[in-house]
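# Commentary on secondary and tertiary structure
Listed below are the residues making up each chain.
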Amino acid sequence: MNVEFRPVQHSELEPFRAAARREHSGIDPLPSIRWFAAVSGTDILGCIGLLHASRDRVRVRGWYVRPDHRGQGLGMWLQECANDWARDHGYRHIESTTRLWRVLERHGWSVLRPYTEAIGTKMTLDLADREGR
Ligand SMILES: CC(C)(COP(=O)(O)OP(=O)(O)OC[C@H]1O[C@@H](n2cnc3c(N)ncnc32)[C@H](O)[C@@H]1OP(=O)(O)O)[C@@H](O)C(=O)NCCC(=O)NCCS
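Rules used throughout
- Residues numbered from 1 in each chain as written.
- Predicted model: local features only at pLDDT ≥ 70, side-chain atom pairs only at ≥ 80, totals over all residues.
- Helix = DSSP H or I, 4+ residues; strand = E, 2+ residues; numbered from the N terminus.
- Rg over C-alpha atoms; globule rule 2.2 N^0.38 Å.
- Near = placed C-beta within 6 Å.
- Core = buried A, V, L, I, M, F, W, Y, C linked by C-beta atoms within 7 Å.
- Buried ≥ 20, exposed ≤ 12 C-beta atoms within 10 Å, placed from the backbone.
- Contact = placed C-beta atoms within 7 Å.

## A word on the overall build of the protein
Helix and strand counts for the protein come out as 3 helices and 7 strands. Start at the N end of the protein and walk to the C end: the helices and strands fall as β-α-β-β-β-α-β-α-β-β. The C-alpha radius of gyration computed for the protein amounts to 14 Å, which stays within 12% of the reference 14 Å derived for 133 residues, consistent with globular compactness. For the protein, the spread of C-alpha atoms along the three principal axes comes to 35 × 35 × 30 Å.

Now the structure itself:
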């Protein structure tokens with residue numbers, strides 16, 4: 001399957017919004033979030049949003065893969081593509097507040113603030129450290 005990572009409008013993700021929310025992933029229509037999707041032909045398989053937090057820091061929002069495409073590496077591929085996009089655009093750190101902190105920790109992220117039920121775990125990844133990997 002040929003899958004492309006490309007910018008999308010929030011309106012293209014609207015069909016997944018309710019399902020994502022039920023799984024604690026917020027595909028929210030905030031103007032400050034840039035949205036990207038894993039796309040096969042005209043089919044959107046998953047998405048990730050990046051929210052500008054400061055000059056060198058960007059935050060992940062709405063990390064979501066359609067249930068019928070999970071468990072095949074697409075989720076981590078979206079994260080890696082988002083990291084590359086952020087690094088290429090001058091960001092040095094990427095952050096995420098997530099319930100799946102163990103997953104991100106296995107992929108090199110560090111805990112910034114421990115888990116709370118309301119918020120999850122705040123994680124960070126130093127993008128400069130990973131340059132050239
Ligand atoms: C999280 C999500 C995007 C992962 O997508 P995916 O395509 O299945 O991910 P991958 O196949 O790349 O797997 C990535 C890793 O996540 C782990 N993983 C995926 N879903 C998981 C879950 N619900 N619980 C624990 N681990 C999970 C996999 O075991 C894998 O671990 P590894 O890389 O150490 O082997 C997808 O499960 C999803 O959309 N979930 C619902 C929304 C959600 O929870 N988003 C995160 C909000 S904080």
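Moving on, there is more to tell.
## Here's the deal with the site of the ligand
In the vicinity of the ligand lie 18 residues, with Glu23, Arg70, Gly75, Met76 and Thr98 positioned nearest. Elements represented by at least two residues in the shell around the ligand include exactly strand S4 (57-65), helix H2 (74-88) and helix H3 (101-106).

## Quick notes on the nonpolar core
Core analysis: the largest hydrophobic core is formed by 21 residues, its most contacted members being Cys47, Ile48, Ala82 and Ala86. Taken together, the elements giving at least two residues each to this core come down to helix H1 (10-22), strand S2 (33-40), strand S3 (43-54), S4 and H2. The greatest single-element share of this core, amounting to 5 residues, is contributed by S4. Apart from residues lying up to four places away in sequence, Ala82 is in contact with Phe36, Ile48, Leu50 and Val60.

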